[in-house]
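# Overview (structure and organization)
Each chain is listed here by its residues.
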Amino acid sequence: MSESVVFVVDDDQAMRNSLKWLIESVGMRVETYASADEFIKNYYPGRSGCLLLDVRMPGMSGLELQEYLANQQIRIPVIIITGHGDVPMAVRAMKAGAVDFIEKPFNDEFLLDSLRNALALDEHQRSLQAERAEIAARLAQLTPREHEVMVMVTDGKSNKEVAAALGVSAKTVEAHRARVMEKMEASSLAELVRMVMAANI
Amino acid sequence: MPGRLTPFRPLWLRRIPLPVLSILIGVLCGLVVWFFLDQFQSRALNRIFQEELQTRLDQRARESLVRFEQYIASYTSTTKLLANHRRLAEYLEPKAWDEEGSVTPKVYLRSEPDWLPQVPQWAGLIPPSFLILFDSEGRGREVYLREPRPLPQDILSSGPLYVSESRVQPYITTLDNKPYLLISRPMEDSFGSPMGDLMLAVAIDDRFLAASQAGVSFRGAVVALLDADEQRVLASSDSKRLPPASPLTEWERDYVVTAQSFFEHEGSDLNMLFATFMPRWGMAATSSSVTRLVRRQRIIDTLVYISVFTLAFYLLSSRINMLLRRISRFSQRALGIRQPFPEGGNQLIVLEEWMRQFVHLVRRAGDEMRHRHEAEIQESEAVKRAIFATSLDSIITLDEKGRVIDCNDQAERLFGYGQEQAAGRELAALVFDGQSGHTFRKILESSGDGAQPQEESAHRELTALRADGTQLPVEVSVMRIQLESGVVFTVYLHDISRRKKDEQEIQSLAKFASESPSPVLRVNERGVILYANDAAEPLLDYWGCSRGQTLPLYWLKQVKRVLDKGWDAELELVSDGQIYSLLLAPIGELSYVNIYGRDITAVRRAEQASRQHQAELVHVCRLSTMGEMATGIAHELNQPLSAIVNYANGCTRRLQQGIGGEAELVEAMEHITTQAERAGEIIRRLRSLVGKQPPDRSVVDINDLVREVVSFVEFDTQRLGLEIEFDLEPGGLPVRVDLVQIEQVLLNLVRNAMDALRDVPEDKRHLFIRTRPEGAERVRVEVRDTGSGIDATTMEHLFDAFYTTKSTGMGMGLPISKTILDDHNGKIWAESQPGKGTTFYIVLPNAMELAHTFTMAGRIQ
């Protein structure tokens, strides 16, 4: 959590500074950028956190930045700030995947709650990402035959059925299965199934 | 006129008329033919004749011989008859010639012996020279001599030899150098004992030969017996011409001799020939008579030939003469030329001269025509080139594939392509596209088959494209021209954009009168309605007259007045709630007046509607401008306000948690101050923006303003079933105001009132507007409605901005009105009795000091 940063992108300096002032009052780290371009230059995908984005900006608008990030497969949670009456724009932002939108002037509780949720979401996404990468690494160790066995087992087939389907003895299947469990570091069949689902094979 | 021709050279030939010439040629040819034919034909004829004659002679000779033989045969049978006769047998029966040695025969001279029967048969035959009875020993016993001539010596001495010879067959021999025919037959007595032989001897002399031929003679032909060894005549049928013993050679010159041997009768001592002598002179006569005949025949043939030939030529020449006369007449009358040569003479040559003359004339005429034609072509070429260059139409020449070969300047100007750009490109693709291009190709094709007349494909209207892409309508006319080198098309493109427009205008003009929804009439100087269209019916009804009748007196006067003055006049007429404007236009020359009516009821209404619309637009415009401005202000203010809130919240949180240094907090507070000042600055800017507009003042009658505003809402009032009641100060109340602003205020009040009246029953809806002077310097306007009134709370906030009781309202109407009146140094307020109604008051300073110069003209339309 301590690594997470709230990235504020707003063209109005007073807005940037006041937001930084407000958000830092609850102990979150804040970085401010005057434009979308400046943010893109300084951000790299590994950084955890969330993005607090003003919709109306000269140059690249908030929506455009959101679109850009989506195209770059950067899944940082985005909270949109809108002025009074920019409802259509807010709707567009939500459709494009923003987690929340906040109208100016802000209710500070609402804003801070929203930020906390966004950071939690980011954390969750990152851990999922890490786990998926781990599972993928383990899957890569499997031989093709082991992979086959694993898919059939997680499909709910018994050892006998697998043996019949692959034309090998049940004993061999047993051996493959044991190796799969070992390589995948799964303590039970249920965990293996979860891993396979998480890896989205 | 006709140039000299070289006449036909041999003049003498030319002068001879054709029939004469034909006779001459005919005679000449006849003679030539005669000369040659006669030679050959006569000779050939002679030869044929000779051959024929020879054959005939041979034939005749054979016939003579046969006759001779038959003659002899008849002697043989006679001898047989005599030998077997009963008288001889009876005579012989008592006789017995048995003496030995020589005996002297008994001779009968002149008297006939008993053994000789009267033989009538001699009649056909020459009587024999003598008859001898020989006994069995061959000794002559009895001799009968018919003539007193001595018996040849040999006959008795060599009796047995002759008997034996002549017993077999008739035997011819010479006795005493004279030829004799000897025939012997054995004889018997009554008992049938052989008694010897009877010998008959006949001298073969001219009588015998003539008799043998039984008088048959052929042109002096003579038969003869010849001694072949000595080549001389033994006996002939004509001893005068051909005496016996004469040599044969003597006669060969004058006779044709046909000799035949007859072996049966030859004696052992004699080589005889039987000959026929045909005299040569007879043959020559026959031949020459035949030749004469043929020659006569030939002369007749030749004459017939010449006459037919001449007749044919005469007929031919007479036809040619007729033809020549016609040619001559035709030439003199139609062509005006005289005969080039003297008349008469050989018609064929004259005809040939005519022909040559005609050929010459035709050639000359051809040359002249060609010269003239070339000159004409040059002229017309020049004219065409001028037309081509100066034509107002675009003229384009295409090859058979529809590609541009040439175009004139107008085409370049019209389509914006240069000659070089366009050349070789397909016109259909160049200046047409899509459907037009397709149609154009069709036109080319259809003009290509040539079967249909040009008119059908001509004058098609198409849409063309200029080089810059703009469209223009063109009329296309295509002409197909068949040249020796191939087919070309001449395409005329006429820019008809202007004509199209003209056409449309003319069409619309033509429809004007009859189809005009407005009344159109024509009256003459006596006010009789000559024409009135359907739309004029209401006017006719109003006037109470129909077509062909006279107008009412007032309108008749107007018509006359217009005609007198010669100017148009416009009059209005109100009939049955409709307002018409009538334009009376005089046509001086015809003494007619055209009346153009116009139902201006709708126009009048539309004018009102449009005025109202305009006013509403102004109102809406104002409101929307205000709305936008409000949005802008809201956004502008939102920024500093949001920042202030953030800073303040941040401060609060820090203070609550006891974090944050004093300096930090102070800085945040300073930020708050800055942002608040920023908000204040925005508002100041806004105010200065509003305050910049300079006041626009003019002097008007407040009553007019009221009327105008009411006209804006006329439709709404009608819809509400409301009639606005006025109580306006008579004589007007001049004020010096910003027209639009005050109208805005009044409109606002009227609208509010109408909104208030919407909720009450229709019969209780009333709206009064009253204008009155207030004191000496002010003017008061009251707008009173019988609506539900305004409650006390609302009354308090009546002039507060953004305070509204309406769902669609902004809450800006009355505050703005108040601002406007403040600007005008006036006042606005309201009095309301809930349930009974509301009255709004406006008070404005008047403009009485200007009343004496006050005029409404220019202002009220």
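What you are looking at is a predicted structure, and each value in this text was computed from that prediction instead of being measured. (Residues numbered from 1 in each chain as written. Chains lettered and ligands numbered in written order. Predicted model: local features only at pLDDT ≥ 70, side-chain atom pairs only at ≥ 80, totals over all residues.)

### Some thoughts on the overall build of chain A
Here is the rule we go by: Every helix listed is a DSSP run of H or I at least four residues long, and every strand listed is a run of E at least two residues long, numbered separately from the N terminus. Exposed residues have 12 or fewer other C-beta atoms within 10 Å of their own C-beta, buried residues have 20 or more, and partly exposed residues fall in between, where C-beta atoms are placed from the backbone.
A count of helices and strands for chain A gives nine helices and five strands. By residue count, 28% of the 201 residues in chain A fall in the buried class.

### Focus on the overall build of chain B
To keep things clear, this is the line we draw: Note that contacts rest on C-beta atoms placed from the backbone: two residues are in contact if these are within 7 Å.
Scanning chain B from terminus to terminus reveals 23 helices and 27 strands. Per-residue burial over chain B gives 25% buried out of 861 residues. Long-range contacts, defined here as pairs at least 24 residues apart, represent 59% of the contacts in chain B between residues at least 6 apart.

### Description of helix H5 (residues 159-168) of chain B
Residues and elements named next belong to chain B. To keep things clear, this is the line we draw: Note: the arc covers the axis-to-C-beta directions of the helix.
Buried residues of H5: Gly159, Tyr162, Val163 and Ser166, and no others. Seen along its axis, H5 keeps its buried residues to an arc of 100°; they face one direction. Elements that come into contact with the buried residues of H5 comprise strand E2 (130-134), strand E3 (140-145), helix H4 (153-157), strand E4 (171-175), strand E5 (178-188) and strand E6 (194-203).

### Side note on the interface of chain A and chain B
Our working rule: Under the convention adopted here, Pro, Cys and the residues Ala, Val, Leu, Ile, Met, Phe, Trp and Tyr are nonpolar, Asp, Glu, Lys and Arg are charged, and Gly plus all remaining residues are polar.
In this complex, chain A contributes 17 residues to the contact, which on the side of chain B involves 19 residues. Element by element, the count of residues in the side of chain A that touches chain B is highest for helix H1 (residues 13-24) of chain A, at seven residues. Residues belonging to the side of chain A that touches chain B are distributed by class as follows: eight nonpolar, six polar and three charged.

### What to know about the environment of Gly597(B)
Residues and elements named next belong to chain B. Note that Gly597 resides in strand E20 (residues 592-599). For Gly597, a count of 22 C-beta atoms within 10 Å corresponds to the buried category. A C-alpha to C-alpha distance of 4.3 Å links Gly597 and Leu582, two positions 15 residues apart in sequence. Excluding its chain neighbours within four sequence positions, the residues that come into contact with Gly597 are Ser518, Pro519, Val520, Ala536, Leu539, Tyr580 and Leu582.

### A closer look at the sheet that holds strand E14 (residues 471-483) of chain B
Residue and element names in this part refer to chain B. This is how it is decided: DSSP-based pairing: two strands are paired if at least 2 bridges between them are found. To obtain an axis, a line is fitted to C-alpha atoms, over the contacting stretch when the element is a helix, and the angle between two such axes runs from 0 to 180 degrees between their N-to-C directions.
Within the open sheet, the five strands sit side by side as E12-E11-E15-E14-E13. Their pairing is antiparallel. With one partner strand each, in any of the chains shown, strand E12 (404-407) and strand E13 (460-465) form the two edges of the open sheet. The average undirected angle you get between the axes of adjacent strands in this sheet is 35°. Where strand E11 (residues 394-398) and strand E15 (residues 486-495) come together, five bridges link them in antiparallel fashion. Within E15, the position partnered with Ile395 by the bridge is Tyr492.

### Looking at the confidence of the model for chain A
Interpretation of the predicted coordinates at a detailed level should be avoided for regions scoring low in pLDDT. In plain terms, the rule: pLDDT: the predictor's confidence for each residue, scored from 0 to 100.
Averaged over all residues, the pLDDT of chain A equals 86, while 97% of them reach at least 70. Mean pLDDT across the elements of chain A ranges from a minimum in helix H4 (residues 87-95) of chain A, with 82, to a maximum in strand E2 (residues 29-33) of chain A, with 93.

### A short note on the packing of helix H2 (residues 18-83) of chain B against helix H7 (residues 280-335) of chain B
All names here are of chain B. Where we set the bar: Oblique is the label for any angle not under 35 degrees, not over 145, and not in the 65 to 115 range, which are roughly parallel, roughly antiparallel and roughly perpendicular in turn. Should the near helix be turned anticlockwise from the far one by less than a right angle, the crossing is left-handed, and should it be turned clockwise, the crossing is right-handed.
Running from N to C, H2 and H7 cross one another at 155°; their axes reach a closest spacing of 9 Å. In terms of orientation, H2 lies roughly antiparallel with respect to H7. Crossing hand, H2 versus H7: right-handed. A per-class count over the contact of H2 with H7 returns 16 nonpolar, ten polar and no charged.

### Quick notes on the nonpolar core
Let me state the cut-off plainly: Note on terminology: a nonpolar core is a set of buried residues of type Ala, Val, Leu, Ile, Met, Phe, Trp, Tyr or Cys, with members joined through C-beta atoms within 7 Å.
Counting residues in each nonpolar core, the largest one holds 57 residues, and the members touching the most others are Leu181(B), Met199(B), Val202(B), Ile204(B), Ala224(B), Leu226(B) and Phe277(B). The element that contributes the greatest number of residues to this core is E6(B), accounting for seven residues. Phe7(A), Leu19(A), Ala36(A) and Leu65(A) belong to the second-largest nonpolar core, a separate cluster that totals 38 residues.

### Some thoughts on the sheet that holds strand E19 (residues 578-587) of chain B
All names here are of chain B. With antiparallel pairing, five strands are arranged side by side in an open sheet as E17-E16-E20-E19-E18. The sheet is open, and its two edges are formed by strand E17 (529-532) and strand E18 (569-575), each paired on a single side. The sheet shows a mean angle of 20° between the axes of neighbouring strands, direction not considered. Inspection of the sheet shows E18 paired to E19 by seven bridges, in the antiparallel sense. Residue pairing for E19: Leu573 is matched across the bridge by Tyr580. Docked against the sheet, helix H16 (residues 553-565) engages strand E16 (520-524), E18, E19 and E20, running at close to 40° with respect to E19.

### Some remarks on the packing of H7(B) against helix H8 (residues 347-390) of chain B
Residues and elements named next belong to chain B. Put simply, H7 and H8 touch, their axes get as near as 10 Å, and they point 30° apart. Between H7 and H8, the angle falls in the class roughly parallel. For the pair H7 and H8, the crossing hand works out as left-handed. Residue-level contacts link Ser317, Ile320, Asn321, Leu324 and Ile327 of H7 to Gln347, Leu348, Val350, Leu351 and Trp354 of H8. Classifying every residue of the contact of H7 with H8 by side-chain character gives seven nonpolar, three polar and no charged.

### Topic: unusual backbone geometry
Apart from glycine, the bulk of residues carry a negative phi angle, and the bulk of peptide bonds sit in the trans form. Backbone geometry places Gln73(A), a non-glycine residue, at a positive phi of 60°. Exposure remark for Gln73(A): the 7 C-beta atoms within 10 Å place this residue in the exposed category. With phi around 65°, Asn825(B) is a residue other than glycine that occupies positive phi space. Note that Asn825(B) resides in the loop between helix H23 (813-823) and strand E26 (827-833). Given 11 C-beta atoms within 10 Å, Asn825(B) falls into the exposed group.

### A word on the confidence of the model for chain B
Residue and element names in this part refer to chain B. The predicted model of chain B has a mean per-residue pLDDT of 80, with 88% of residues at 70 or higher. When pLDDT is averaged over each element of chain B, strand E25 (residues 778-785) comes out on top at 92 and helix H13 (residues 454-457) at the bottom at 48. A low-confidence stretch, residues 1-5 (pLDDT under 50), is modelled with ten contacts involving residues beyond four sequence positions or located in other chains. A low-confidence stretch, residues 451-457 (pLDDT under 50), is modelled with seven contacts involving residues beyond four sequence positions or located in other chains. Predicted complex, confidence summary: ipTM 0.74, pTM 0.34.

### Quick word on H2(B)
All names here are of chain B. Going by this rule: A helix's residues, less one, multiplied by 1.5 Å, set its expected span. A residue's bend is given by the angle between axes fitted to the 7 residues ending at it and the 7 residues starting at it.
Here H2 spans 92 Å end to end across 66 residues, near enough to the 98 Å set by a 1.5 Å rise per residue. If you look at H2, its biggest bend is around 30°, right at Leu37. All of the buried residues in H2 are Leu18, Ser22, Ala61, Ser64, Phe68, Tyr71, Ile72, Tyr75, Thr79, Leu82 and Ala83.

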